[in-house]
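Understanding the architecture of this molecule
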Amino acid sequence: MLQALGGPVPPNTDHAVSVSLPSWRESIGYEEGEAWVIDKMQCGYPRFFVHPIIQKLAQEIVRRVGDPNLESATLFASVKSARICHSFLLSKIPADQAYKVRIVNFVPSPHTESGSTVTSSLSCVIYPKEYASITKQVWQHSGNGISSRRGEFCLGALEDGFLVEDKGLATAESISQRPCKGPRRYQGISKGRKGSVGESPPKLNTEDGGRDYGQFIEERFGRNLSTSLANQAKLAVRKRIAGVLTANAELPEALKTASSEGRVAGISEEDVYLYPAGMSAIFNAHQTLLATRGDLPSICFGFPYTDTLKILQKWGPGCVFYGHGSSEDLDDLESRLKAGERFLGLFTEVPGNPLLKTPDLKRIRALADQYGFAVVVDETISNFININVLHLADIVVSSLTKIFSGDSNVMGGSAVLNPQAPYYAAIKETYNQDYEDIYWAEDVVFLERNSRDFIARIEQINATTEDITAMLKESPLVKDVYYPKYSPSKPLYDSLRNANGGYGGLFSVTFHTTAEAIAFFDTIEVFKGPSLGTNFTLSSPYVLLAHYGELDWARTFDVDPDLVRISVGLEDAADLRARVQLALDAVQKVGQASA
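A few points on the structure.

Cut-offs applied
- Residues numbered from 1 in each chain as written.
- Predicted model: local features only at pLDDT ≥ 70, side-chain atom pairs only at ≥ 80, totals over all residues.
- Heavy atoms only, no water.
- Salt bridge = Lys/Arg side-chain N within 4 Å of Asp/Glu carboxyl O.
- Helix = DSSP H or I, 4+ residues; strand = E, 2+ residues; numbered from the N terminus.
- Buried < 20%, exposed > 50% of the residue type's maximum accessible area, 1.4 Å probe, protein only.
- Pairing = 2+ DSSP bridges.
- Axes fitted to C-alpha atoms, helices over the stretch in contact; angles between N-to-C directions.
- Contact = heavy atoms within 4.5 Å.

Quick notes on the pattern of salt bridges
- One pass over the full model with this rule turns up 28 salt bridges.
- Salt-bridge contacts for D467 lead to R577; the nearest nitrogen and oxygen are separated by 2.8 Å. Highlighted residues: D467 in helix α17 (residues 454–474) and R577 in helix α22 (residues 573–594), separated in sequence by 110 residues.
- Between R555 and D552 there is a salt bridge; the shortest N-O distance is 2.7 Å. Residue R555 and its partner D552 are located together in helix α21 (residues 551–555), separated by three residues, close to a single helical turn.
- In this structure R555 comes out as partly exposed when scored by relative accessible area, which is 44%.

Below, the structure is given as structure tokens:
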């Protein structure tokens, strides 16, 4: 076991994205909410498990402005995000209970001047505790909740008097955010020297003669980062996603080498929008289309990551779900369109999760052009280094938490607009009007650092994954291997593949019995937990974690509840093969015992 139950993955990481669920039984215990598992959870996937730091911050806020015995709080980085949660909650509870739900804003105190290097605000939805499961849906599906790093900063600022309740009107529609401490490479010039990177903030004296804000920042972060550096980090990430920045150099040098040629003709970083999570990018893409094109139903095509479908079902007028993502599904869609039905947009993944099937994106694009709907493609699993889908989409979304970052210590998401798409001008106008940058600056600093070598990492992971999947494909102990290279939809994937692109680092495997699947999962010596695209190999009984309450439903779309999903990392291929072989040996023993 590489990490004990409930420990952060990777270990010794305060803001880890994954958490260790090292056995099949423990994964089920987590889904069942059993105390022997839940009580050991030090963290969890951030949209499913509220980080302890954020829990503590929420409790402190309720202690100050509410009743800790009766009320809870869900925290957002903007009034707009809080209002989405507020509206959703009101739509689910009795009308005569609406008065019990409110938004409370916290803003920098009056003696924290606007020119301070680090500032933040919070918008808090306060509600009776019995409604926590409803607000948790918004936290999970929208991805707009605050990050643990922002929570850590805000908790300190609140306790030290630098973040106070806004007694006036809720005016913090746009949140000022400033960078904070990041990797040592960003810490700039030494104290006392002048320059754009690492300048000391002005010392601000509090009115009561206590610690000033500059001292608070110095103690909280050691050496803070300048605003310009965090903005540069965001610029570099956006350029990297646009495909115009490929250098692995330090930040200033890398930005100088950016080219004018990107993923499609005419694209620039101005067509890339950053979000605090991949689901936030999807949620806001859907919100943007609703604002642009009106209240039309959507299409969810192919078996999706669970929250994408939930977003389309719970916000707006609903969706038509084609869970197989087959040519027959496209035939049915075309019949609907010919009969006069109209749709907002089609949401799909290339490839899908967890069956790694690729939809016929070219036919989808042709139908979209003929009948007037937008196409939103999630490219998280393969990434734009392996495939090019932007020219066939209106919006391409991705979870930057995954392979783009790799280190599993920061969340992030992006939405990219295709400047050649039919709805580009209208969608761009809506984004420019409605988009708010709520991505915490400290998070983007870590993301930028992590992403510098992502091209080289993808190439290594592609090669190792092809090796491991070939090994499993040859084994008679294995029932099926789900991987784009072996999928019936391989020709569709290959039609999107870049010249040097591979098939990605994610695959799923099934066995002939549940006992064999358990033996394989429990034996394989890799990290176990949610997420994918990590620099280390990570496995999970994915269907149990994502669809535990709807396993029979998932089965109707050929998704086996006993499926084991594996995301390959940067380990030596021979070493990983040896670990897989030991797990297969365990499968064989189970088979022999039952024979």
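Description of unusual backbone geometry
- Along the chain, V9 connects to P10 via a cis peptide bond; the corresponding omega equals 5 degrees.
- Counting through the fold element by element, P10 comes out in the loop between β1 (8–9) and β2 (18–19).
- Phi angles above zero are rare outside glycine, and L356 is one such case at about 55 degrees.
- Despite not being glycine, N383 shows a phi value in the positive range, around 75 degrees.
- Mapped onto the secondary structure, N383 falls in helix α14 (residues 383–386).

Structural notes on the sheet that holds strand β4 (residues 102–108)
- Taken in spatial order, the four strands of this open sheet run β3-β5-β4-β6, and their pairing is antiparallel. Of all strands in the sheet, those bounded by a partner on one side alone are β3 (71–76) and β6 (163–165). Recorded for the sheet is a direction-independent mean angle of 30 degrees between the axes of neighbouring strands.
- Bridge analysis of β4 against β6 gives three bridges, and the strand direction is antiparallel. By the bridge assignment for β6, F106 is matched with E165.
- Helix α3 (residues 52–65) contacts β3, β4, β5 (122–128) and β6 of the sheet and is inclined by roughly 120 degrees relative to β3.

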